[in-house]
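So you can see what is in the structure, the chains are spelled out below.
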Amino acid sequence: MVGGGEKKFYPSIVYTDELSPEDLTREVEKISTVNGADIRAVLYAAVDVIADKMGNSRIVRLGDLGSFRVSLSKTAANTADDVGGGNVKSTKILFTPGSRLKDMLRDVKFSKSSK
């Protein structure tokens, strides 16, 4: 074994499936009075609005879903006048889950998989 030492095993998540936008639309359609075309229209419009607002330095809060905001990785400057776009190394979107999603994480149960 490279590096010596004892072999270790760690838990991991085995994803069983994924939910596509079409699947999500069908699931929401089942529990609401809104038709699939309207659901898709709202989802795609929401992405446009969220991107626009975050691009204009806004935090977007979506209640129990959570919030989205832009974060920067940056370098320091010696003076406030020297700070500019060149000090931004990279950007990313941060998602903070809302209360319902946090509750799910607290309540989720794990078990050993045969895979």
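Our structure's up above, just so we're on the same page.
So, here's what we can say about the structure. (Residues numbered from 1 in each chain as written. Predicted model: local features only at pLDDT ≥ 70, side-chain atom pairs only at ≥ 80, totals over all residues. Heavy atoms only, no water.)

## Some words on the packing of helix H1 (residues 21–30) against helix H2 (residues 36–55)
Here is the rule we go by: To obtain each axis, a line is fitted to C-alpha atoms, and for helices this fit is confined to the stretch in contact; angles are then taken between N-to-C directions over 0 to 180 degrees. The way it works is that DSSP assigns letters per residue, a run of H or I at least four long becomes a helix, a run of E at least two long becomes a strand, and they are numbered from the N terminus. In this scheme, roughly parallel covers angles under 35 degrees and roughly antiparallel covers those over 145, while 65 to 115 is roughly perpendicular and the rest are oblique. Handedness of a crossing is defined here by the sense of rotation of the near helix relative to the far one, left-handed for an anticlockwise turn of less than a right angle and right-handed for a clockwise turn. By definition in these notes, contact holds between two residues if any of their heavy atoms fall within 4.5 Å. When residue character is reported, Ala, Val, Leu, Ile, Met, Phe, Trp, Tyr, Cys and Pro are called nonpolar, Asp, Glu, Lys and Arg charged, and the others, Gly included, polar.
Here H1 crosses H2 at 125 degrees, and the two axes come no closer than 9 Å. In this view, H1 runs oblique relative to H2, as classed from their interaxial angle. Helix-helix and strand crossings are classified by hand; for H1 and H2 the assignment is right-handed. In this structure, H1 contributes Pro21, Leu24, Thr25, Val28 and Glu29 to the contact, and H2 contributes Gly36, Ile39, Arg40, Leu43 and Tyr44. Classifying every residue of the contact of H1 with H2 by side-chain character gives six nonpolar, two polar and two charged.

## Thoughts on the pairing of strand E2 (residues 66–74)
To be explicit about the condition: Whether two strands pair depends on DSSP finding at least two bridges between them.
Bridging between strand E1 (residues 60–61) and E2 involves two bridges; their strand directions are antiparallel. Each bridged residue has a counterpart across the sheet, and for Val60 the counterpart in E2 is Phe68. If you look at the hairpin formed by E1 and E2, you'll find four residues sitting between the two strands, and Gly63 has a positive phi there, around 55 degrees. Both E2 and strand E3 (residues 88–97) contribute to a ladder of nine bridges, which runs antiparallel. Bridge pairing links Ser67 to Thr96 in E3.

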